[in-house]
Amino acid sequence: MAVASVLQFRVECKDTKPGEAVFVVGSCSELGSWNVEKAVPCITTAQSFPMWSSPDVAISDPGKLEFKVVIATNSGERPRWEGGDNRVYHIHASSKHLVIVRCKYGKKDTQVE
């Protein structure tokens, strides 16, 4: 399978409670096809909180990628979806380098590095 891009999500989120985690879910299979149970989990530490980071995610198809940030239990249950429109990132066939996607839970701005 060819890789169009490799993404890493960095989400600022202060809204989690003990036993909850941050997930990135979206329109492609690599982001769970809008199924929170198949979403990409993000991790944080006491030192890095409230920043949550995903593992590198290899996206196979170029084009429009829509996604949202979700807070749920560590197993993906009882999801709390951020409001507003879906976030959008356009993957170009030639962008095979690592792309950092930064956002804040509940805020509409998304930054790409």
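Treat the numbers as computed from the prediction; the structure is a model and nothing was measured.

On to the overall build of the chain. The secondary structure content of the chain amounts to 0 helices and 10 strands. When the helices and strands of the chain are listed from N to C terminus, the series reads β-β-β-β-β-β-β-β-β-β. Here the C-alpha atoms of the chain give a radius of gyration of 13 Å, agreeing with the 13 Å that 2.2 N^0.38 yields for 113 residues. If you line up the chain on its principal axes, its C-alpha atoms span 40 × 25 × 25 Å. Expressed as a percentage of its 113 residues, the buried residues of the chain come to 43%. When the accessible surface of the chain is split by element, carbon and sulfur atoms take 51% of a total near 6300 Å². If you average the places of the 14 positive and of the 13 negative side-chain charges in the chain, the two averages end up 4 Å apart.

Geometrically, the link from F49 to P50 is a cis peptide bond, its omega value of 15° lying close to zero. For P50, the position within the fold is in the loop between β3 (40-41) and β4 (51-53). Positive phi, close to 50°, is recorded for S33, a residue that is not glycine. For S33, the position within the fold is in the loop between β2 (20-26) and β3.

So, about the nonpolar core. When a protein is soluble and globular, its nonpolar side chains tend to lie buried together. Counting 31 residues, the largest nonpolar core has L7 and L31 as its most contacted members. The leading source of residues in this core is strand β6 (residues 63-73), at 6 residues. Filtering out sequence-adjacent residues up to four positions away, L7 remains in contact with P55, D56, V57, I59, L65, Y89, I91, L98, V99 and V101.

What counts and how
- Residues numbered from 1 in each chain as written.
- Predicted model: local features only at pLDDT ≥ 70, side-chain atom pairs only at ≥ 80, totals over all residues.
- Heavy atoms only, no water.
- Helix = DSSP H or I, 4+ residues; strand = E, 2+ residues; numbered from the N terminus.
- Rg over C-alpha atoms; globule rule 2.2 N^0.38 Å.
- Buried < 20%, exposed > 50% of the residue type's maximum accessible area, 1.4 Å probe, protein only.
- Areas by Shrake-Rupley, 256 points an atom, 1.4 Å probe, with all protein chains shown as cover.
- Lys, Arg positive; Asp, Glu negative; His and termini not counted.
- Charge placed at Lys NZ, Arg CZ, Asp CG, Glu CD.
- Core = buried A, V, L, I, M, F, W, Y, C linked by side-chain atoms within 4.5 Å.
- Contact = heavy atoms within 4.5 Å.

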